[in-house]
Amino acid sequence: MPPRSLGLPLRGPVFFQRRGQAVRLAAAGLAIAACAAVLPAQAQSAAEQLAAYSAQSGQAPQSIRGQEFFTSKHGHDWACAACHTAKPTVEGKHASTGKPIRPLAPAVNPERFADTAKTEKWFRRNCNDVVGRECSVAEKADVLAWLIGLKP
Amino acid sequence: MRRRAALLRSCAAIGFASTAYADVGRSNPSSLPLYKTECAACHIAYPAGLLPAQSWQQLMDHLPKHFGTDASLDPATAQQISNWLQAHAGTGRHFNEAPPEHRISKSAWFVRQHDEVSATIFKRASVGGAANCGACHGRAAEGNFNEHEVRIPK
């Protein structure tokens, strides 16, 4: 499964139509190389995924900011914590269906953040529900940094 | 007379339950692992035979807005699930029309099957609404909706 979101400014056909193609290709090449350094073919561990998000965002992740983001509402009905609880080392519950949600903290549940495609799928869906847009790589890095730091 | 009417009603119910059960059996929710891993991440794997093909089509075409949540999938996964749902969708007289909002729980047969269950019961926190089959049908996740096994939580 290829990593789907590398946060690169590649936009399909438009990219090839515009001028300055060579410059863009070179820049993209550099970006890919930079990501490849921290994101081998597939970043599978939580720590590797965090490193990749941090590298893409160009700033150090802050877990305190991640906690704040996770537990706050962002202009919509739910906070992340509405389903995952404010300290997701414990089981949560789907706010709409009531289905139990296993703990999100990788220290408690090693299945979490073990697959890049799955991580991206759930960030995409849940950020749309909670924030009304997809999350930035910096936001994902902050949240993941906080989650990785949670101990049982 | 009343007894006869009650008997008829029971027979009708059993008759319906067995046809519904046959549908359920034919579309065993575990027969497409992808359906279970993706859709049953948030709710039980509703048996494909409980909605007509056109409802599944509508639901699969609007996954980013799925009953108030974003349930979007990558196109390849969505296509596989969609094909399977189309092949196993409900057929016959109960599935000639799409139910309101494409909700199983708003289908005429569902409403009739549950007409002895009051709205108050559905509203109980322990039940969690008509979409939460597993609250009363303990083996719903396996596609078992046998009415003799129903236990309504307090």
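What counts, and at which threshold
Residues numbered from 1 in each chain as written. Chains lettered and ligands numbered in written order. Predicted model: local features only at pLDDT ≥ 70, side-chain atom pairs only at ≥ 80, totals over all residues. Helix = DSSP H or I, 4+ residues; strand = E, 2+ residues; numbered from the N terminus. Buried ≥ 20, exposed ≤ 12 C-beta atoms within 10 Å, placed from the backbone. Contact = placed C-beta atoms within 7 Å. pLDDT = per-residue confidence, 0-100. Nonpolar A, V, L, I, M, F, W, Y, C, P; charged D, E, K, R; others polar. Core = buried A, V, L, I, M, F, W, Y, C linked by C-beta atoms within 7 Å. Axes fitted to C-alpha atoms, helices over the stretch in contact; angles between N-to-C directions. Parallel < 35°, antiparallel > 145°, perpendicular 65-115°, else oblique. Expected span 1.5 Å × (residues − 1). Left-handed = near helix turned anticlockwise from the far one by under 90°. Arc of directions from axis to C-beta.

Okay, the overall build of chain B next. From N to C terminus, chain B includes 6 helices and 0 strands. N-terminal to C-terminal, the α/β element order of chain B is α-α-α-α-α-α. For chain B, the proportion of its 154 residues judged to be buried stands at 24%. In chain B, once contacts between residues fewer than 6 apart in sequence are set aside, the share between residues at least 24 apart is 56%.

This part is about the overall build of chain A. Helix and strand counts for chain A stand at 7 helices and 2 strands. A burial count over chain A gives 30% of its 152 residues as buried. Taking contacts inside chain A between residues at least 6 apart in sequence as the whole, the part at least 24 apart equals 58%.

Residue and element names in this part refer to chain B. Here Ala89 shows up in the loop between helix H4 (75–88) and helix H5 (108–113). In sequence terms Ala89 and Ser55 are 34 residues apart; their C-alpha atoms lie 8.9 Å from each other. Ignoring any residue separated from it by four or fewer positions in sequence, one finds Ala89 in contact with Ala48, Gly49, Leu51, Pro52, Ala53 and Trp56.

We now examine the confidence of the model for chain A. All names here are of chain A. Residues at a pLDDT of 70 or more form 72% of chain A, whose mean pLDDT is 82. In the model, residues 1–20 has pLDDT below 50 throughout and makes 17 contacts with residues more than four positions away in sequence or in other chains. With pLDDT under 50 throughout, residues 25–41 is counted as low confidence; its partners more than four residues away or in other chains account for 13 contacts.

Quick look at the interface of chain B and chain A now. Chain B puts 9 residues into the contact, and the matching count from chain A is 9 residues. Across the side of chain B that touches chain A, the residue classes tally to 2 nonpolar, 6 polar and 1 charged.

Ranked by size, the top nonpolar core spans 23 residues in total, and within it A:Leu50, A:Ala141, A:Leu144 and A:Leu147 carry the most contacts. Among the elements of the structure, helix H3 (46–57), helix H4 (63–71), helix H6 (116–130) and helix H7 (137–149) of chain A are those that each provide at least two residues to this core. Here this core gets 9 residues from one element, more than from any other, and that element is H7(A). Setting aside its immediate chain neighbours within four residues, A:Ala141 contacts A:Leu50, A:Tyr53, A:Ser54, A:Ser57 and A:Pro61. Membership of the second largest hydrophobic core comes to 16 residues, among which are B:Ile44, B:Ala45, B:Tyr46 and B:Ala140.

Looking now at unusual backbone geometry. Phi is positive for A:Phe113, close to 55°, though the residue is something other than glycine. Along the chain, the position of A:Phe113 falls in the loop between strand S2 (100–101) and H6. The exposure class of A:Phe113 is buried, given the 24 C-beta atoms found within 10 Å. Of note, B:His102 is a non-glycine position whose phi angle comes to about 60°, a positive value. Structurally, B:His102 is set in the loop between H4 and H5.

Below, the discussion takes up the packing of H4(A) against H7(A). Residues and elements named next belong to chain A. Two elements in contact, H4 and H7, have axes whose closest approach is 7 Å; the angle formed by their N-to-C orientations is 100°. Classified by the angle between their axes, H4 and H7 sit roughly perpendicular to one another. Counted together, Ser63, Arg65, Gly66, Gln67, Phe69 and Phe70 of H4 and Glu139, Asp142, Val143, Ala145, Trp146 and Gly149 of H7 form the full contact between these two elements. Across the contact of H4 with H7, the residue classes tally to 5 nonpolar, 4 polar and 3 charged.

Bringing H6(A) into the picture now. Residues and elements named next belong to chain A. In this model, H6 (15 residues) spans 21 Å end to end at C-alpha, consistent with the 21 Å of a helix rising 1.5 Å per residue. Taken together, the buried positions of H6 are Thr116, Thr119, Arg125, Cys127, Asp129 and Val130. The positive-phi residue at the C-terminal boundary of H6 is Gly132, with phi of around 85°.

This brings us to the packing of helix H3 (residues 53–61) of chain B against H4(B). Residues and elements named next belong to chain B. Axis separation between H3 and H4 bottoms out at 9 Å; the angle between their running directions is 165°. Accordingly, the angle class assigned to the pair H3 and H4 is roughly antiparallel. Once H3 is placed against H4, the crossing between them reads as right-handed. Contacts from Ala53, Trp56 and Met60 of H3 reach H4 at Ala78, Ile81, Ser82, Leu85 and Gln86. Residues of the contact of H3 with H4, tallied by class, amount to 6 nonpolar, 2 polar and no charged.

With that settled, the discussion passes to H4(B). All names here are of chain B. Between its first and last C-alpha atoms H4 spans 20 Å; for 14 residues at 1.5 Å apiece the expected length is 20 Å, and the two agree. When H4 is considered as a whole, its buried residues turn out to be Ile81, Leu85 and His88. Considered in projection along H4, the buried side chains sweep an arc of 75° and stay on one side of the axis. Opposite the buried face of H4, at more than 90 degrees from it, the exposed residues are Pro75, Ala76, Gln79, Asn83 and Ala87.

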